[in-house]
Amino acid sequence: MNILATTLPAVHLAEGASATVGNPAINISIFLSFVLVTLVVVIRASKSTATAADYYAGGRSFSGTQNGLAIAGDYLSAASFLGIVGAIALQGYDGFLYSIGFFVAWLVALLLIAEPLRNTGKFTMADVLSFRLRQRPVRVAASISTLAVTFFYLLAQMAGAGALVSLLLGISSKAGQSLVIVIVGVIMIVYVLVGGMKGTTWVQIIKACLLVTGVAVMTVWILAMFGFNFSAILGAAVETNNKPAMLEPGLKYGVSEISKLDFISLGLALVLGAAGLPHVLMRFYTVPTAKEARKSVVWAITLIGLFYLFTLVLGFGAAALIGADRIKGAPGGVNSAAPLLAYELGGSVLMGLIAAVAFATILAVVAGLAITASASFAHDIYTSVIKKGNSDPRRELRVAKTTVVVIGLISIAGGIGAQGQNVAFLVALAFAVAASANLPTILYSLYWKRFTTRGAVWSMYGGLILSVVLIVFSPVMSGAETSMIPTADFAVYPLSNPGIISIPASFLLGFLGSVTERRKEDPYKQSEMEVRSLTGVGAEKPVAH
Amino acid sequence: MASTPSVDPNGSAATLGIDFPAVQRSEQFQRLRSTHRSFVFPLAVAFLVWYLLYVVLAIYAPGFMSLKVLGNINLGLVLGLLQFVTTFGITAAYVRFANRRLDPQATALREQLEAEQLEAQHHAIQHRGQPGASEQPGTSEGVRP
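Everything numeric in this text was worked out from a predicted model, so none of it was measured.

1. Some points on the overall build of chain A
Broken down by element type, chain A carries 21 helices and zero strands. Sorting the 545 residues of chain A into buried and exposed places 69% on the buried side. Within chain A, residue pairs in contact and separated by at least 24 positions form 83% of the contacts whose partners lie at least 6 positions apart.

Structure follows, in structure tokens:
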């Protein structure tokens, strides 16, 4: 029933796990050297962080290739790496379905969003959404949904960091893991405060290279072990686990009609959610032109696609070489498949490297999220709404930095509180909320002339509220063994993912709100937005240093 | 109000002096717009339909998906990998299309507009005292960074 609980599992805590895998000293030293190297990079990058365009958008000076790497770094979170490898190792084919949704989703960004967004916006998603509509209501709505999506995403990463520790560093006590969450949180705050978007982008780039290289090496290693015969790996996976069904769809989702519907709902949220994630959208502003934005999406698609193909091999490789029982028994449970596989292949050193990469992944994703949320609050709510556009840039920057600290502290607290909770639920929630609250308004405002402020406000609040409320009343929260509150039962909505209802509803609300509104939007702004989005005239220029 | 150009308070005069409604109505822009939409929209619908078809097949036709194709590799795996192939393919096709068909049109129009804009700015400097006529409170440019 509860699909999300076990499949995209950036994490359940392994209860009472004591066994450590690999050498924690090696893990820690590799991890620390990564932190040190990136900190140096961040400090160097920060020397040119002077203006808001520097802080939020890295001076718009990144090339398409660099930005593409950074997007991949932002997107391939711990849920992708540890979660999908683990899901394929345990559920076989059904784990693969996740990779496809996560990957195909990028076509929405490439075809419909990246370039017009770069041409019409400045720093945040709200810039584009409020371009030709009434500023205050739209900015506030866009900012609230940005904060909501990033908050759920952040919680997932923070709690994920704590849970991973149990395996990677051999810390199994709750207090120890809380301490690690605090440390990761503090490091993240420092990264963002010191480096801004530029520093954060460099962290993403380094991490993306490490992650893709590490995964590629492991993939080739496994393929070599089986004579470069993928079919043989599949055969070995079936043999090790004695489960022929793992090569076919349905092992996890085919259980009942409800679970089937649930998977379609999840599939919808995955494919439509990626292009509505605020931290991904914001990356399109860090390049100088729309053409570079296109190039960066192409790089991101290439890297992300390769990565998911590699994880297919890794997942079945882990199933073949280690087996589902040993994975489930290890500290960190299903999430331990990738590090365990690294240990199986290259011993403590490879395991240490992969552990460091996993940490770096969380760190980098968290930093990217924090900067998005802070930009949204400072730029959209503080400057545009509270100060009505009259704040001076220095103050706005100070507000942004204060926001980073506040968000950091909240997510540290949330991460500690959410320890042992079903973190996959939070990641999928972030996707579902993004697809419901953001995507319809983005598409309408770019492509539908008659779209109005009321349509935007209805669609954003409607999508946001509906998706969150449906999840609260779903089996993810209560009524099942894997629920966040297993003792209570107020699950009136049978599916774990709200997408199948909240996404179409949000599109419908945007349409209804627009056609029922008498007050016309400024036709001049519509013309300006359309011309700018396609030609790039008047787009924000890069900052020269 | 409606037809006055917006003013960029950053002083870069990013869009000053461009008559956007007129540009929007121009044949050149309409051609660019339809080139873009007639390529991007059908492709977007096609990949979404193909993806949803795959999801529905995987969930409602597991028997079909588990037909063996080669060794242990079944139809489900092949179709899944085909999703990767089509995604890479559509990406390549779009980039090719954008470089060959969109960029030349968009660049020509942009350069033309920027040239006209430059002219209008010279004109505006000569008639100082009425900078940009009206500052719309609701423009996206009306917000300082």
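Let us keep going from here.
2. A short note on the overall build of chain B
Counting its regular elements, chain B contains four helices and two strands. Going residue by residue from the N terminus, the α and β elements of chain B occur as α-α-α-β-β-α. Taking as baseline every contact in chain B between residues at least 6 positions apart, the subset at least 24 positions apart corresponds to 69%.

3. Regarding the confidence of the model for chain A
Confidence along chain A averages 82 in pLDDT terms, with 89% of residues attaining 70 or more. Confidence over residues 1–19 of chain A falls short of pLDDT 50; this stretch has 69 contacts with residues more than four positions distant or in other chains.

4. Re the packing of aromatic side chains
Residues and elements named next belong to chain A. Evaluation of the coordinates by the stated rule reveals 26 aromatic pairs over all chains. On the basis of an interplanar angle of 75° and a centroid distance of 6.5 Å, the ring pair of F230 and F316 is categorised as edge-to-face. You can see F230 sitting in helix α11 (residues 230–241) and its partner F316 sitting in helix α14 (residues 290–321), a full 86 residues away along the chain. Owing to a relative accessible area of 18%, F230 belongs among the buried residues under this scheme. Ring-pair connections join several aromatic residues into one group, and the members of that group are Y75, F81, Y98, F102, W106, Y153, F307, Y308 and F431.

5. Examining a nonpolar patch on the surface
A grouping of I43, V182, V186, V190 and V194 of chain A is seen on the molecular surface, where their side chains present a nonpolar patch of about 340 Å² in accessible area. Top contributing element to the nonpolar patch by residue count: helix α10 (residues 174–225) of chain A, with four residues.

6. Here's the deal with the UniProt feature "transmembrane region" (unreviewed entry) in chain B
Residue and element names in this part refer to chain B. Mapped onto this numbering, the UniProt entry gives "transmembrane region" (unreviewed entry) at residues 39–61 and 73–95. Structurally, residues 39–61 comprises 96% helix and 0% strand, and the distance from its first C-alpha atom to its last is 32 Å. Secondary structure over residues 73–95 splits into 91% helix and 9% strand, and the C-alpha atoms at its two ends are 32 Å apart.

7. Digging into helix α19 (residues 453–472) of chain A
Think of an α-helix as turning once every 3.6 residues; residues three or four places apart then point the same way. Over its 20 residues, α19 of chain A extends 28 Å from the first C-alpha to the last, a length consistent with the 28 Å expected when each residue adds 1.5 Å. Along α19 of chain A, the residues that are buried comprise T453, G455, A456, V457, S459, M460, G462, G463, L464, S467, L470 and I471 of chain A.

8. Focus: the side chain of N74 of chain B
If you trace the backbone, N74 of chain B turns up in strand β2 (residues 73–74). Engagement of the side chain of N74 of chain B in a polar contact is seen with the backbone nitrogen of L77 of chain B, the distance being 3.0 Å. Ignoring sequence-local partners within four residues, the contact set of N74 of chain B consists of L247 and E248 of chain A together with M65, S66, L67, K68 and V69 of chain B.

9. Thoughts on the nonpolar core
All names here are of chain A. Counting residues in hydrophobic clusters, the biggest one holds 202 residues, and the most contacted among them are Y75, W106, I113, F284, Y308 and F316. Looking at this core element by element, the count peaks at 24 residues for helix α16 (residues 337–386). Filtering out sequence-adjacent residues up to four positions away, I113 remains in contact with V108, A275, L281, L439, I442, L443 and L446.

10. So, a positive patch on the surface
Taken together, the side chains of K387, R394, R395 and R398 of chain A define a basic patch exposed on the protein surface. The topology assignment puts R395 of chain A in helix α17 (residues 393–417).

11. Some words on the packing of helix α6 (residues 93–104) of chain A against helix α12 (residues 257–273) of chain A
At a minimum axis separation of 7 Å, α6 of chain A and α12 of chain A run at an interaxial angle of 35°. Where α6 of chain A approaches α12 of chain A, its residues L97, Y98, G101, F102 and V104 of chain A are matched on the opposing element by F263, L266, L270 and V271 of chain A.

12. Looking at the environment of A126 of chain A
All names here are of chain A. Of note, A126 is situated in helix α8 (residues 125–129). Sequence separation between A126 and S376 is 250 residues; the distance between their C-alpha atoms is 7.8 Å. Leaving out residues up to four positions away in the same chain, A126 has contacts with R139, A142 and D380.

13. Side note on the interface of chain A and chain B
Each side of the interface is counted separately: chain A has 73 residues, and chain B has 70 residues. Carbon and sulfur atoms make up 68% of the area that chain A and chain B hide from each other, which totals about 6200 Å². When residues of chain A are sorted by the area they lose upon contact with chain B, L111, Y524 and L534 of chain A head the list and together hold 12% of the total. At the junction of chain A and chain B, the tally comes to three salt bridges. Applying the counting rule to chain A against chain B returns 16 residue pairs in polar contact (both at pLDDT 80 or more). Among the residues forming the side of chain A that touches chain B, the class breakdown is 39 nonpolar, 18 polar and 16 charged.

14. Some words on α14 of chain A
Residue and element names in this part refer to chain A. Given a rise of 1.5 Å per residue, 32 residues ought to cover 46 Å, and the 46 Å separating the end C-alpha atoms of α14 matches this to within 8%. Judged by how many residues are buried, α14 sits mostly within the fold: 24 of 32 residues are covered. A positive backbone phi angle near 90° is found at G323, which sits one or two residues after α14.

15. A few points about the pattern of salt bridges
In this structure the tally under the stated criterion is 15 salt bridges over all chains. Among the ionic pairs, D127 of chain A bridges to R139 of chain A, the shortest N-O distance being 3.1 Å. Note that D127 of chain A is positioned in helix α8 and R139 of chain A in helix α9 (residues 135–168), a separation of 12 residues in sequence. With a relative accessible area of 0%, R139 of chain A lands in the buried category. E27 of chain B is the salt-bridge partner of R31 of chain B, the closest N and O atoms lying 3.6 Å from each other. Residue R31 of chain B and its partner E27 of chain B are both found in helix α2 (residues 27–60); the two are separated by four residues, about one turn of the helix. By relative accessible area, which is 45% here, R31 of chain B ends up partly exposed.

The rules we used
Just so you know, the residues in each chain are numbered from 1, in the order the chain's sequence is written. Here every chain gets a letter starting at A, and every ligand a number starting at 1, in the order they are written. Given that the model is predicted, a residue must reach a pLDDT of at least 70 before its local features are reported, and side-chain atom pairs must reach 80 or more before they are shown or counted; all residues, however, enter totals for whole chains, interfaces and linings. To obtain the side-chain values, all non-hydrogen atoms of the structure were used and water was disregarded. For the purposes of this entry, the term helix denotes a DSSP run of H or I that reaches at least four residues, the term strand denotes a run of E that reaches at least two, and both are numbered from the N terminus. Residue exposure (1.4 Å probe, protein chains only): buried if accessible area is under 20% of the type maximum, exposed if over 50%, otherwise partly exposed. Whether two residues are in contact is decided by their heavy atoms, any of which lying within 4.5 Å being enough. Residue-level confidence of the predictor is summarised by pLDDT, bounded by 0 at the bottom and 100 at the top. Note on aromatic contacts: the rings of Phe and Tyr and the six-membered ring of Trp form a pair at centre separations within 6.5 Å, being stacked when their planes are under 30 degrees apart, edge-to-face when over 60 apart, and tilted otherwise. Residues with no salt bridge and a relative accessible area higher than 30% make up the patches, which join like charges within 9 Å and nonpolar side chains (Val, Leu, Ile, Met, Phe, Trp, Tyr) within 5 Å. For every accessible area listed, the method is Shrake-Rupley and the probe measures 1.4 Å; residues are considered covered only by the protein chains on display. By definition here, a salt bridge exists when the distance from a side-chain nitrogen of Lys or Arg to a carboxyl oxygen of Asp or Glu is within 4 Å. UniProt positions are given in the numbering used here, feature names are shortened, and annotations may be inferred rather than shown by experiment. Each helix should span, by expectation, one fewer than its residue count multiplied by 1.5 Å. Two N or O atoms count as a polar contact when they lie within 3.5 Å, although within protein this holds only if one can serve as hydrogen donor and the other as acceptor, and sequence-adjacent residues are included solely when both atoms are side-chain atoms. Among the buried residues, those of types Ala, Val, Leu, Ile, Met, Phe, Trp, Tyr and Cys that are joined through side-chain atoms within 4.5 Å form a nonpolar core. None of His or the chain ends enter the tally, which takes Lys and Arg as positive and Asp and Glu as negative. Each charge is placed at NZ for Lys, CZ for Arg, CG for Asp and CD for Glu. The convention used is that axes are lines fitted to C-alpha atoms, helices contributing only their stretch in contact, and that angles between N-to-C directions extend from 0 to 180 degrees. When two components associate, each loses some accessible surface as probed by a 1.4 Å sphere; the sum of these losses over both components is called the buried area. Residues are grouped as follows: Ala, Val, Leu, Ile, Met, Phe, Trp, Tyr, Cys and Pro are nonpolar; Asp, Glu, Lys and Arg are charged; all remaining types, including Gly, are polar.

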